[in-house]
Amino acid sequence: MGLSKTIWTNPSEYLRSVQPENPVLFFAPAALQSAARRFIDGFPGMVTYAVKSNPGEAVVENLAAAGIRGYDVASPFEMHLIRRLAPDAALHYNNPVRSRSEIAVAVELGVKSYSVDSRSELEKLIADVPAEGTEITVRFKLPVSGAAYNFGAKFGATADVAVGLLKRVAEAGFIPSITFHPGTQCTDPAAWDSYIRAAAGIAAGGGVIIARLNVGGGFPSHRLHGVVPQLEATFALIDRVATEAFGDDRPLLVCEPGRGLCGDAFTLATRVKAVRDDAHVFLNDGIYGALAELPLIGVIDRTRVVTPGGEARRGAAMPRIVFGPTCDSVDRLPGDVMLPNDIAEGDYVIFEGLGAYSTVTNTRFNGFGELTLATVLSLRP
Ligand SMILES: *Cc1c(COP(=O)(O)O)cnc(C)c1O
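Caption draft 1: Main features of the nonpolar core. Core analysis: the largest hydrophobic core is formed by 98 residues, its most contacted members being Y71, I82, I196, L213 and V215. In terms of residues, this core owes the most to one element, helix α8 (residues 190–206), which gives eight residues. Two domains each put at least three residues into this core: domain 1 (3–27 + 265–376) and domain 2 (29–262). Sequence-distant contacts of Y71, defined by excluding residues within four places in its chain, comprise T48, Y49, V51, V60, L63, A64, I82, A86, A89, A90, L91 and H92. Counting residues in hydrophobic clusters, the runner-up holds 13 residues, among them W8, F26, A374 and L379.

So this is what it looks like as structure tokens:
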């Protein structure tokens, strides 16, 4: 996947001129920088970027230019990437399970913030990381809903275990902090309310005044017309509840959005390979490509269909079964997809909001997945 040096006006101009056979992800740096500014201006604390959602170099460079000074990293690759592209930024190593060799890389690179959710992994950190000036953030989970899927299924200590971990962090001379992740694409701000109050309960239970509370990622992107992300309202809720829950011991706040920053800065154009016997639509991209997330977190209804000449298809919307290009029968978009009834072979189906968990989970299964990245001034058609 190469980043072209040309900057196009918008996706339509590119599609008309290039008529691409392979899927194209359009990246609007201006949209990414404005998402970054929205977080920096609105969030009542430090904004960091969860690199795993889209580790593209142009993404990191634009976020750094927009003022993002901290990065949530999970692997030596991501740590080296950020040290190279944003050398002065803080690295928050928030993958709670690490091998000893991974910990050694973090120490070497000067990482000063780590998260944990278990005794065994905390003892590894205490043994291998110098305590002086280093933060250990205890990650906990609650059985709350509101997100697209349950993040607590893999990581996060229960509140009881978190109390013990927090005490041990403080005793061992590290800076004690708490974190949680409410789950990705979390459209219900009430999740943060429950988590922040529970975090205050954990700190009080351990008798520990925490330095920082990292309220995770999970901030939604705009996937459905009818569900518009209420970011500023969520920021205000986080601010208010942090004061109510912690009072005079209110910690500094951190957030680490992935999707919320990069999701809406990219749009995907797929091409209709066939409308088989006037029924099923076959696209040149699917769940092994940039649409990998759709079966996990649901469809995107912010789509449009254009002819090869760039005209919008305006036929009445009708439900279609939509398959990706591979010969695997699970390569199908979930449910029925509403598409104009005059859709035809050679048209482009454009999906908004494909910046997160798309380039990075794209595979070359069955020889497909040759994804082009094109830079545009605007994603508007
Ligand atoms: C993946 C991840 C994030 C980002 O999640 P989004 O839902 O993309 O905002 C933040 N923090 C941690 C620890 C993660 O694993």
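Caption draft 2: Seen up close, the pairing of strand β4 (residues 70–73). Burial along β4 is two-sided: the residues G70 and D72 and Y71 and V73 are all buried. The handedness of the strand β3 (residues 46–50) to β4 crossover, carried by helix α3 (residues 57–66), is right-handed. Both β4 and strand β5 (residues 90–93) contribute to a ladder of four bridges, which runs parallel. Within β5, the position partnered with V73 by the bridge is Y93. Once you follow β4 into helix α4 (residues 76–85) and on to β5, the crossover reads as right-handed.

Caption draft 3: Structural view of the pairing of strand β11 (residues 266–276). Of all the 11 residues making up β11, eight are buried; the element is thus mostly covered by neighbouring parts of the structure. Both strand β2 (residues 24–27) and β11 contribute to a ladder of four bridges, which runs antiparallel. Bridge pairing in β11 links F26 to T267. Bridge count between β11 and strand β17 (residues 348–352): five bridges; the pairing is antiparallel. Its bridge partner lying in β17, T267 is registered against E352. Counting the residues in the hairpin turn of β11 and strand β12 (residues 280–283) gives three residues, including D277, whose phi is positive at 45°.

Caption draft 4: Spotlight on the side chain of E352. Note on placement: E352 falls in strand β17. Polar contacts involving the side chain of E352 include one to the side chain of R304, which spans 2.6 Å. Here E352 is in contact with F266, T267, I300, R302 and R304, once residues within four sequence places are set aside.

Caption draft 5: Highlighting the site of the ligand. For the ligand, the set of nearby residues contains 14 residues, the closest of which are K52, T184, G218, E256 and Y357. Across the complex, the protein chains shield 93% of the 390 Å² of accessible surface that the ligand would expose by itself. Taken together, the residues of the shell around the ligand sort by class into three nonpolar, six polar and five charged.

Caption draft 6: Region of interest: the packing of helix α2 (residues 29–42) against α3. Interaxial distance between α2 and α3 falls to 9 Å at its minimum, and their mutual angle equals 45°. Taken as axis vectors, α2 and α3 run oblique relative to one another. Here α2 and α3 pass one another in a crossing that is right-handed. On the side of α2, the interface is formed by P29, L32, Q33, A36 and I40, while α3 contributes V59, N62, L63, A65 and A66. Its residues assigned to classes, the contact of α2 with α3 comprises eight nonpolar, two polar and no charged.

Scoring rules and cut-offs
Residues numbered from 1 in each chain as written. Predicted model: local features only at pLDDT ≥ 70, side-chain atom pairs only at ≥ 80, totals over all residues. Heavy atoms only, no water. Core = buried A, V, L, I, M, F, W, Y, C linked by side-chain atoms within 4.5 Å. Buried < 20%, exposed > 50% of the residue type's maximum accessible area, 1.4 Å probe, protein only. Helix = DSSP H or I, 4+ residues; strand = E, 2+ residues; numbered from the N terminus. Domains from an automatic or database assignment. Contact = heavy atoms within 4.5 Å. Right-handed = clockwise from strand over helix to strand, strands pointing away. Pairing = 2+ DSSP bridges. Polar contact = N/O pair within 3.5 Å; in protein donor to acceptor, adjacent residues only side chain to side chain. Near = heavy atom within 4 Å. Areas by Shrake-Rupley, 256 points an atom, 1.4 Å probe, with all protein chains shown as cover. Nonpolar A, V, L, I, M, F, W, Y, C, P; charged D, E, K, R; others polar. Axes fitted to C-alpha atoms, helices over the stretch in contact; angles between N-to-C directions. Parallel < 35°, antiparallel > 145°, perpendicular 65-115°, else oblique. Left-handed = near helix turned anticlockwise from the far one by under 90°.

Just distances and angles here, no functional claims.
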